[in-house]
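Inside the fold
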Amino acid sequence: MYLTPQHVLLAGATGLTGEHLLDRLLNEPTITRVLAPSRRPLAKHPHLENPVGDPAVFLPQLNGRVDIAYCCLGTTIKQAGSEEAFRAVDLDMVVAFAKRAREMGARHLIVISALGADRRSSVFYNRVKGEMEYALRAQNWPQLTICRPSLLLGERLEPRMAEQFAGPLSRLIPGKYHGIEACQLARAMWRLALEEQDGVRVVESDELRKLGK
């Protein structure tokens, strides 16, 4: 069964994937409201509501009913400054956002995780992503879609050295380890929003690339 969400909550609209997703959402004729809180202002649009500031302040103040929530939040340890600061964004903020989205009536959460996410992993990044997935599962969403992309490809405002180095190589690797364009991931996330099914669905990078064509 396919449903078209009309009221959308989006976190991470200033990020690489979030920018593409926001553009798609604002150009969908069936969507009448996109609530996209951010730390810096977004371009104005008649269907966009954009609270600006500290998420810890405005998150509890978000209001109005939403049908679906997208979470594109994510940083790096280098950008965050420490492992603790990284966890505050990629785990704590994601979980808090999801909780608020559920309180606002969203029945479907689509979240970006990462390839290799595992809360028992010896790799810090993968472990935090796995802990995030585990915490979201514990929220008992009617429908939870976890996207696990491989290396994200695309033009960032602040280039990441590791991605610049690994990007060309990732295009040569087959299967789910092949790099994925951020615009492809955004298209896949929109298409996943149209699918209604109960429970948790984990979508690996190779399937995301197919959905995003």
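First, a word on scope: everything that follows refers to the structure included in this document. (Residues numbered from 1 in each chain as written. Predicted model: local features only at pLDDT ≥ 70, side-chain atom pairs only at ≥ 80, totals over all residues. Heavy atoms only, no water.)

1. Concerning the environment of glutamine 6
Rules: Each helix is a run of H or I in the DSSP string that is no shorter than four residues. Each strand is a run of E no shorter than two, and both are numbered from the N terminus. It only takes one pair of heavy atoms within 4.5 Å for two residues to be counted as in contact.
Within the element layout of this structure, glutamine 6 appears in the segment before strand E1 (7-11). Expressed as a C-alpha distance, the spacing of glutamine 6 and proline 29, which sit 23 residues apart in the sequence, is 9.1 Å. Residues within four places of glutamine 6 in sequence aside, it is in contact with Thr30, Ile31, Thr32, Arg33 and Asp67.

2. Structural notes on helix H7 (residues 182-193)
Put simply, the rule is: Every helix has an expected span of 1.5 Å times one less than the residues it contains. Summary of the burial criterion: residues with accessible area below 20% of their type's maximum are buried, those above 50% are exposed, and those between are partly exposed, where the area comes from a 1.4 Å probe applied to protein chains only.
Taking 1.5 Å as the rise per residue, H7 with 12 residues should run 16 Å; its terminal C-alpha atoms sit 17 Å apart, in good agreement. Of all the 12 residues making up H7, 9 are buried; the element is thus mostly covered by neighbouring parts of the structure. Regarding H7, the residues found buried are Ala182, Gln184, Leu185, Ala186, Ala188, Met189, Trp190, Leu192 and Ala193.

3. What about the packing of aromatic side chains?
Applied cut-off: Pairing of aromatic rings covers Phe, Tyr and Trp, the last counted by its six-membered ring, and requires centre-to-centre distances within 6.5 Å; plane angles under 30 degrees mean stacked, over 60 mean edge-to-face, and any other angle means tilted. Ring-over charges, as used throughout, are those where CZ of Arg or NZ of Lys falls within 6 Å of the ring centre and within 35 degrees of the ring normal.
Under the criterion given, the structure shown has 2 aromatic pairs. A centroid spacing of 5.7 Å and a plane angle of 50° characterise the contact between phenylalanine 86 and phenylalanine 124, whose relative ring orientation is tilted. Here the residue phenylalanine 86 occupies a position in helix H4 (residues 83-103), and phenylalanine 124 occupies one in helix H5 (residues 124-137), the gap between them amounting to 38 residues. Here phenylalanine 86 and phenylalanine 124 have matching classes, each one buried. For the ring pair phenylalanine 86 and tyrosine 125, a centre distance of 5.7 Å and an interplane angle of 40° mean the geometry is tilted. Pair noted here: phenylalanine 86 is in helix H4 and tyrosine 125 is in helix H5, with a separation of 39 residues, a long-range link. On the accessibility criterion, phenylalanine 86 (0% relative accessible area) is buried. Ring-pair connections join several aromatic residues into one group, and the members of that group are Phe86, Phe124 and Tyr125. The ring of tryptophan 141 has arginine 102 sitting right over it, with the charged end atom 5.6 Å from the ring centre.

4. A few points about the pattern of salt bridges
To be explicit about the condition: One side-chain nitrogen of Lys or Arg within 4 Å of one carboxyl oxygen of Asp or Glu is enough to make a salt bridge.
What the rule picks out here adds up to 14 salt bridges. For the salt bridge of arginine 65 with aspartate 67, the shortest nitrogen-to-oxygen distance reads 2.6 Å. A salt bridge links aspartate 198 to arginine 107; its shortest N-O distance comes to 3.5 Å. Taken together, the residues span a long stretch of sequence, with aspartate 198 in the loop between H7 and strand E9 (199-204) and arginine 107 in the loop between H4 and strand E5 (108-112) at a distance of 91 residues. The class for arginine 107 is partly exposed, based on a relative accessible area of 26%. Beyond isolated ion pairs, a larger network of salt bridges with shared partners links Lys99, Arg100 and Glu103.

5. Structural notes on the nonpolar core
To be explicit about the condition: Buried residues of nine kinds, namely Ala, Val, Leu, Ile, Met, Phe, Trp, Tyr and Cys, make up a nonpolar core once their side-chain atoms join them within 4.5 Å.
Membership of the largest hydrophobic core comes to 32 residues, with the highest contact counts inside it found for Leu10, Leu25, Tyr70 and Met189. Of all elements in the fold, only E1, helix H1 (16-26), strand E4 (68-71), E5, H7 and helix H8 (205-211) reach the threshold of two or more residues within this core. Looking at this core, the element that brings in the most residues is H7, giving 8 residues. Beyond its immediate stretch of four places on either side in the chain, leucine 10 contacts Gly18, Leu21, Leu22, Leu25, Leu35, Ala36, Pro37, Tyr70, Cys72 and Phe97. Among the nonpolar cores identified, the runner-up in size contains 27 residues, and Cys71, Ala101, Val111 and Trp141 belong to it.

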